[in-house]
There are 2 protein chains.
Amino acid sequence: MKYVEKLRKSGLRPTKQRLQICEVLFDREETFHFTINQLEQKIKNQINGKISLATVYNTVHAFEKKGYLKQIPINSNQTYFDTNVTDHHHFYDLKDEKLIDLDDSDVGPIKILKKVNGKKIKSVEVLVKLED
Amino acid sequence: MKYVEKLRKSGLRPTKQRLQICEVLFDREETFHFTINQLEQKIKNQINGKISLATVYNTVHAFEKKGYLKQIPINSNQTYFDTNVTDHHHFYDLKDEKLIDLDDSDVGPIKILKKVNGKKIKSVEVLVKLED
DNA sequence: ACACTTCTTTAGAATAATTATAAACTACAT
DNA sequence: ATGTAGTTTATAATTATTCTAAAGAAGTGT
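Residues numbered from 1 in each chain as written. Chains lettered and ligands numbered in written order. Predicted model: local features only at pLDDT ≥ 70, side-chain atom pairs only at ≥ 80, totals over all residues. Heavy atoms only, no water.

Engineer: How would you summarise the protein's contact with DNA strand D if you had to cite specific residues and measurements?
Structural biologist: Within the structure, DNA strand D sits among 18 residues, and H61(A), T79(A), T15(B), Q17(B) and R18(B) are positioned closest to it. Sugar and phosphate atoms represent 77% of those atoms of DNA strand D found within 4 Å of the protein. Here R13(A) contributes a side-chain N or O atom positioned 3.3 Å from a base nitrogen of DNA strand D. Within the side chain of R18(B), one N or O atom sits 2.5 Å away from a phosphate oxygen of DNA strand D. Elements represented by at least two residues in the surface near DNA strand D include exactly α4 (53-66) of chain A together with α2 (16-26) and α4 (53-66) of chain B. The leading source of residues in the surface near DNA strand D is α4(B), at 3 residues. The residue makeup of the surface near DNA strand D, split by class, is 5 nonpolar, 9 polar and 4 charged. (Near = heavy atom within 4 Å. Polar contact = N/O pair within 3.5 Å; in protein donor to acceptor, adjacent residues only side chain to side chain. Helix = DSSP H or I, 4+ residues; strand = E, 2+ residues; numbered from the N terminus. Nonpolar A, V, L, I, M, F, W, Y, C, P; charged D, E, K, R; others polar.)

Engineer: Report on the protein's contact with DNA strand C, specifying residues and quantitative values.
Structural biologist: Neighbouring DNA strand C are 18 residues, the closest being T15(A), R18(A), T55(A), R8(B) and T79(B). In this structure, a sugar or linking oxygen belonging to DNA strand C sits 2.7 Å away from a side-chain N or O atom of Q17(A). Between DNA strand C and Y57(B) there is a distance of 2.7 Å, counted from a phosphate oxygen to a side-chain nitrogen or oxygen. Mapped onto the surface near DNA strand C, the elements with two or more residues apiece are α2 (16-26) and α4 of chain A together with α4 of chain B. No other element matches the 3 residues that α4(A) contributes to the surface near DNA strand C. The class makeup of the residues in the surface near DNA strand C is 5 nonpolar, 9 polar and 4 charged.

Engineer: An account of the interface of chain B and chain A is needed here, citing residue identities and associated values.
Structural biologist: Opposite the 40 residues of chain B that make contact, chain A presents 40 residues. Linking chain B with chain A are 6 salt bridges, by the criterion used here. Notably, a salt bridge pairs K119(A) with D93(B), separated by 3.0 Å at the nearest N-O pair. At the junction of chain B with chain A, the criterion picks out 20 residue pairs in polar contact (both at pLDDT 80 or more). Every element with two or more residues in the side of chain B that touches chain A is listed here: β2 (70-72), β4 (89-93), β5 (98-102) and β6 (120-131) of chain B. In the side of chain B that touches chain A, the residues fall into 19 nonpolar, 7 polar and 14 charged. (Contact = heavy atoms within 4.5 Å. Salt bridge = Lys/Arg side-chain N within 4 Å of Asp/Glu carboxyl O.)

Engineer: Can you break down the packing of aromatic side chains residue by residue, with the values?
Structural biologist: Think of a pair of aromatic rings as described by two things: how far the centres are apart, and how the planes are tilted against each other in angle. Under the counting rule described, the total for this entry stands at 12 aromatic pairs over all chains. Measuring from centroid to centroid gives 6.3 Å for Y3(A) and F26(A), while their planes differ by 45°, and the two rings are tilted. Of this pair, Y3(A) sits in helix α1 (residues 2-9) while F26(A) sits in helix α2, and the two are 23 residues apart along the sequence. Here the two residues Y3(A) and F26(A) agree in accessibility, since each one is buried. A connected cluster of aromatic rings, assembled from ring pairs, spans Y3(A), F26(A), F63(A) and Y68(A). The ring centre of F32(B) lies 3.8 Å from the NZ or CZ of R28(B), which sits over that ring. (Phe/Tyr/Trp six-rings, centres within 6.5 Å; stacked < 30°, edge-to-face > 60°. Buried < 20%, exposed > 50% of the residue type's maximum accessible area, 1.4 Å probe, protein only. Lys NZ or Arg CZ within 6 Å of the ring centre and 35° of its normal.)

Below is the structure:
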């Protein structure tokens, strides 16, 4: 399994559940945007067995902490995550409640001219809301 | 009362509670960023009486629908609102969980080059996360 | 293989933000 | 004043997320 080493290197034991979640998350061409519930559904469709919702939460948070996932700031009732952990921006389709990646070439460079005393910039994220 | 007319014009009855909330929200020099719970606290400090949490929710949502408030897209456990309904950007101080306005002169112009079939851009918002 | 420790999974309970409900109340028009 | 439609309110319901504690699995040393 190609994820066994990756997990072990991160100090995470390669359990059956984590490997299954890795497959759902990372065995794909394109960036994957998801909520916990959507992910749980995908996992349950893909595997032949049960997985606890708590495990999905645990794993997603563990992966986020290790830098394999990131949260996307949207005001939705559910939290969105992204398998693309590079600095990038998003379209959010309000009607379909779906995220679409923007890569850097789609957005001009963003300059932040204001400074805040004693704080440094951790990230700069653009959210472009789309309507019909 | 200066808010009576404003409310009536929007088709909202100028009730005692709504007028009190207007004072807390709009009788100030600077933009006000808040969560429902913070707003509830401010109201209870300011007035000499009770207000139901449900009323705070109702009113904030009514004002949002009428365009007097807008939601700010952040992933927090609580929803943030803003009395500044113009298109503008934010710092979010991760440690203090506080929002700071950026005005347009603080952020260079943002070009969105990508188009999505049949959709148009409703808003472009930048969130700059700050850490120590 | 075995024992032992530590990490992980799990079901279910707990928490917390938000929304729904339905009865009492209030603004407003007639 | 009376009627009606909108509003407030306490409380219940809902929903996403986190917590808990017991059972299970992985890793280490023997």
